[in-house]
Amino acid sequence: EPDRVIPFKSVPGGELTLRVFLPPAWKASDQRPAIVFFFGGGWVSGSPQQFYPHCRHFASLGMVAVSAEYRTQKSHGTDPFACIADGKSAVRWLRAHASGLGIRPDRLAAGGGSAGGHVAASTALLEGLDEAGEDTGVSSVPNALVLFNPVIDTTENGYGAEKLGKRQLEASPVHHVRKGLPPVLLFHGTADTTVPFENVTRFRDQMKKHGNRVELVAYEGKAHGFFNYSRDKTVYQDTIRKAEEFLRELGFLPAGP
């Protein structure tokens, strides 16, 4: 269970919360790296509990780890654009409140799976689409991305076109790649029939073309959701280890032996 549950945004029907996992010997005055995760569920459903195992692991390594709540169709009757706005709000809130949470605002990563991977990617790649009235002077762009079989193309070539209609290109991260984006680590199964593997290879190629750092780790024969702790603990551990290596290389975690 999280160490703290902190409201970060008021929406119709209540407040959205951040489920915060604190590292050993944490103090509010610390300057620690942080990571915020967004759950999957097709923008329709899902729970922050999906990433509790990831959060506890990264907290054990010294990071402040967060699993964020955001609106979904089932919980709030919203569309994917509300999910994007909430993701941006979560990153922005963590950065704005970094001093009280012992966080370095320039060492804030975002991650997520499936639709949650889309939310995380959108915080970095999609400009605008912010919550009305929010202080956009605080950046909602994370300093790194760790994405698990993310929805990365929302057109008919990917996932979600029917939910987005005429706005599908507006919400499609692969169509908004440009130079100067944060480093990205992708995990994807080659047998994914929900989010085609081709989508992430195309995204990787676009990122490289624009001079951005990107790594794609392919899992042969694995289907959608393969990375979850509840699905396959061996694969879960492999993704965690590779995510650790990625974050160490970026200076989010101390260098290994």
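Look up: the structure comes first, before these words.
This structure is a prediction, so every number in the text was calculated from the model and none was measured. (Residues numbered from 1 in each chain as written. Predicted model: local features only at pLDDT ≥ 70, side-chain atom pairs only at ≥ 80, totals over all residues. Heavy atoms only, no water.)

Thoughts on the sheet that holds strand β6 (residues 144-148)
Taken together, the eight strands give an open sheet; going across it, the order is β1-β2-β4-β3-β5-β6-β7-β8, and neighbouring strands pair in mixed fashion. Either end of the sheet is taken by a strand with one partner, and the two such strands are β1 (4-11) and β8 (214-219). Ignoring strand direction, the axes of neighbouring strands in this sheet form an average angle of 20°. Of the pairings in the sheet, the one linking strand β3 (residues 32-38) to strand β4 (residues 64-68) comprises five bridges and is parallel in character. (Pairing = 2+ DSSP bridges. Helix = DSSP H or I, 4+ residues; strand = E, 2+ residues; numbered from the N terminus. Axes fitted to C-alpha atoms, helices over the stretch in contact; angles between N-to-C directions.)

A few points about the pairing of strand β2 (residues 14-21)
Among the eight residues of β2, six are classified as buried, and the element is accordingly described as predominantly covered. Here seven bridges tie β1 to β2, and the two strands are oriented antiparallel to one another. Paired with serine 10 across the two strands is glutamate 15, which belongs to β2. Between β1 and β2, which pair antiparallel and follow one another directly, the connecting turn spans two residues, one of which, glycine 13, has a positive phi of 100°. (Buried < 20%, exposed > 50% of the residue type's maximum accessible area, 1.4 Å probe, protein only.)

Notes on the environment of leucine 247
If you trace the backbone, leucine 247 turns up in helix α8 (residues 233-249). Considering only alpha carbons, one finds leucine 247 and alanine 109, 138 residues apart in sequence, at a separation of 8.9 Å. Discounting chain neighbours no more than four positions away, the residues touching leucine 247 are Phe58, Met63, Ala109, Phe252 and Leu253. (Contact = heavy atoms within 4.5 Å.)

Comments concerning the environment of proline 53
Within the element layout of this structure, proline 53 appears in helix α1 (residues 52-60). Looking at proline 53, the relative accessible area reads 25%, which means it is partly exposed. The sequence separation of proline 53 and tyrosine 229 amounts to 176 residues, and the corresponding C-alpha distance is 7.0 Å. If we skip the residues at most four places from it in the chain, proline 53 touches Tyr229 and Tyr236.

Some details on the packing of aromatic side chains
In total, this model carries 14 aromatic pairs according to the counting rule given. Ring centres of phenylalanine 51 and phenylalanine 148 lie 5.9 Å apart, and the angle between their planes is 50°; on these two criteria the pair is classed as tilted. Of this pair, phenylalanine 51 sits in the loop between β3 and α1 while phenylalanine 148 sits in strand β6, placing them 97 residues apart in sequence. Neither residue differs from the other here; phenylalanine 51 and phenylalanine 148 are each classed as buried. Cluster of aromatic residues (ring-pair linked, three or more members): Phe37, Phe51, Phe58, Phe148, Phe187, Tyr219, Phe226 and Phe227. Here the basic side chain of arginine 107 rests over the ring of phenylalanine 252, its NZ or CZ set 5.8 Å away from the ring centre. Just above the ring of tyrosine 229 sits the side chain of lysine 233; from NZ or CZ to the centre is 4.6 Å. (Phe/Tyr/Trp six-rings, centres within 6.5 Å; stacked < 30°, edge-to-face > 60°. Lys NZ or Arg CZ within 6 Å of the ring centre and 35° of its normal.)

Notes on the pattern of salt bridges
Applying the stated criterion across every chain, the model contains 24 salt bridges. Glutamate 69 is the partner of arginine 19 in a salt bridge, and the nearest nitrogen-oxygen pair spans 3.9 Å. Linking arginine 19 in strand β2 with glutamate 69 in the loop between β4 and α2 (73-76), this pair joins segments that are 50 residues apart in sequence. Between arginine 32 and aspartate 30 there is a salt bridge whose closest N-O contact spans 2.8 Å. (Salt bridge = Lys/Arg side-chain N within 4 Å of Asp/Glu carboxyl O.)

Regarding the nonpolar core
Of all hydrophobic cores here, the largest spans 54 residues; its most connected members are Leu18, Phe38, Leu94 and Phe203. For this core, the leading source of residues is helix α3 (residues 80-96), giving seven residues. (Core = buried A, V, L, I, M, F, W, Y, C linked by side-chain atoms within 4.5 Å.)

What about the packing of α3 against helix α5 (residues 115-125)?
Remark: α3 packs on α5, axes separated minimally by 9 Å, with the N-to-C direction vectors making an angle of 65°. The handedness of the crossing between α3 and α5 is right-handed. Of the residues in α5, those touching α3 at Cys83, Ile84, Gly87, Lys88 and Val91 are His118, Val119, Ser122 and Thr123. Partitioned by chemical class, the residues of the contact of α3 with α5 number four nonpolar, four polar and one charged. (Left-handed = near helix turned anticlockwise from the far one by under 90°. Nonpolar A, V, L, I, M, F, W, Y, C, P; charged D, E, K, R; others polar.)

Considering the pairing of β4
β4 sits mainly inside the fold: five of its five residues count as buried. The two faces of β4 match: Val64, Val66 and Ala68 on one face and Ala65 and Ser67 on the other face are all buried. Sheet analysis places β2 next to β4, joined by four bridges and oriented antiparallel. Bridged to valine 20 within β4 is valine 66. In terms of handedness, the path from β3 via α1 over to β4 forms a crossover that is right-handed. (Right-handed = clockwise from strand over helix to strand, strands pointing away.)

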